[in-house]
Amino acid sequence: MSYLNECLKTMVDNDASDFYLIAGEAPIMRVYGTLQRMPSDHALDDAFITGIANSVFKEHDLETLRKERSLDFAITLGEGVPGGPWRLRGNAYYQKNGLNVVFRLIPAHVPTLESLGLPANLEKLTKHNHGLVLCTGQAGCGKTSTVAALLDIINSRSPVHIITVEDPIEYLFTNKQALVNQRQVGRDVESFALALKGALREDPDVIFVGELRDLETISLAVTAAETGHLVFGTLHTNSAAKAVDRLIDAFPFDQQAQIRTMISESLRGVIAQQLIARKDGKGRVAAVEVLVNTTSVANLIRDGKTYQIAMSMQTGKKEGMCTMDDSLLDLFNKGIISKEDAESRSINTDPYKHASSQPSGFR
């Protein structure tokens, strides 16, 4: 455990988001999206990493790891480490040289929209009493943190019952105005789908589904949103429109017309995000696309014209909508991200063709 605490301290000191124990390699950490070796030239072997796993995982987790050769986990470490104890989530898995373990640092406190650098108007998505709110983006882009911030707004404001279903549980909530129950797939319930089926009989007002990963889970989430629950869910797509397509495409073709209608009525909004290195080297910043389900957007979803959603987002800024291109351009104009990063992640690169690497408004 002391070795892990040393790695954790190095990670905290360097503001790293992840660290890796790789059989046959010295420990590695990820700092602002880039891999760096920790200050050690000692390569770790399988026996050493296995010993660490035996010291931190419970017996049922070790049995899962031995049987399935992979394990998702969340643990608390770091007594005595500055800012600790710290919660970490990660995955243990086998590869050709032996056991590997990847840890991701989870802040001790549930974040706020402000601390995440997210638009304050996202709070509006928490004021619905039913419907579906999606948060989407690639792995590691902060989707769970965004949803946690939104859930904590509800927790601080409303005397409601919140159920989260996660794999594994990341942020630990304390009850404020709300009652919050958190279930971990694999430990408390067998699957997301079974947890959702149970949740519908557990009198929740708000449900968070850690990942909408299969047809049954998506179908149950949409049904819950239609039957008086506010449902938050995450997906792995790179835009708001593709998140809607992903839900619809999960269903058989002969059911897609019906599900388009259901989603057009139940969807409240989509947040698509990505993390980009700050130009000053002091961390990463979120670029955020926001889709609000207005009447015009709902009509596009119902008519199978999701490819036109981006155009509606351009004209829907008064409703709080923002395209990813606009978010990237705003971050560039403020001097927060580089021209190269903004241009490489944008669909429309015209604003950068004649732009200086340092925008005129930068101070």
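Please read these numbers as outputs of a predicted model, since none were measured by experiment.

(A) How the structure looks around helix H3 (residues 59-68). For H3, every residue scored as buried is listed here: Asp61, Leu62 and Leu65. Viewed end-on, H3 has its buried residues packed into an arc of 100°, placing them on one side of the element. Seen from the open side of H3, the exposed residues pointing more than 90 degrees away from its buried face are Glu59, Lys67 and Glu68. Where H3 is buried, its residues touch helix H2 (46-56), strand E4 (70-77), strand E5 (86-95) and strand E6 (98-106). Positive phi appears at Arg69, one or two residues downstream of H3, with a value of about 65°.

(B) Layout of the sheet that holds strand E10 (residues 206-209). Strand order in the open sheet formed by seven strands is E9-E8-E10-E11-E7-E12-E13, with mixed pairing between adjacent strands. Of all strands in the sheet, those with a lone pairing partner are strand E9 (179-184) and strand E13 (284-292), marking the two edges. Strand-to-strand, the axes of this sheet are offset by a mean angle of 15°, without reference to chain direction. Lying on the sheet, helix H8 (residues 256-266) is in contact with strand E7 (131-136) and strand E12 (267-277); it crosses E12 at an angle near 80°.

(C) Here's a closer look at the sheet that holds E6. Reading across the sheet, the six strands line up as E3-E2-E1-E6-E5-E4 and stay open at both edges, with antiparallel pairing between neighbours. The sheet is open, and its two borders are formed by strand E3 (34-37) and E4, each paired with just one other strand. Across the sheet, the axes of successive neighbouring strands diverge by a mean angle of 25°, strand direction being ignored. Alignment of E5 against E6, held across nine bridges, turns out to be antiparallel. Counted as the bridge partner of Leu88 is Leu105 from E6. Taken strand by strand, helix H1 (residues 2-13) contacts strand E1 (16-21), strand E2 (28-31), E4, E5 and E6, and its axis lies near 145° from that of E1. In the packing of H3 onto the sheet, the strands contacted are E4, E5 and E6, and the crossing angle to E4 comes to about 155°.

Conventions used here
- Residues numbered from 1 in each chain as written.
- Predicted model: local features only at pLDDT ≥ 70, side-chain atom pairs only at ≥ 80, totals over all residues.
- Heavy atoms only, no water.
- Buried < 20%, exposed > 50% of the residue type's maximum accessible area, 1.4 Å probe, protein only.
- Helix = DSSP H or I, 4+ residues; strand = E, 2+ residues; numbered from the N terminus.
- Arc of directions from axis to C-beta.
- Contact = heavy atoms within 4.5 Å.
- Pairing = 2+ DSSP bridges.
- Axes fitted to C-alpha atoms, helices over the stretch in contact; angles between N-to-C directions.

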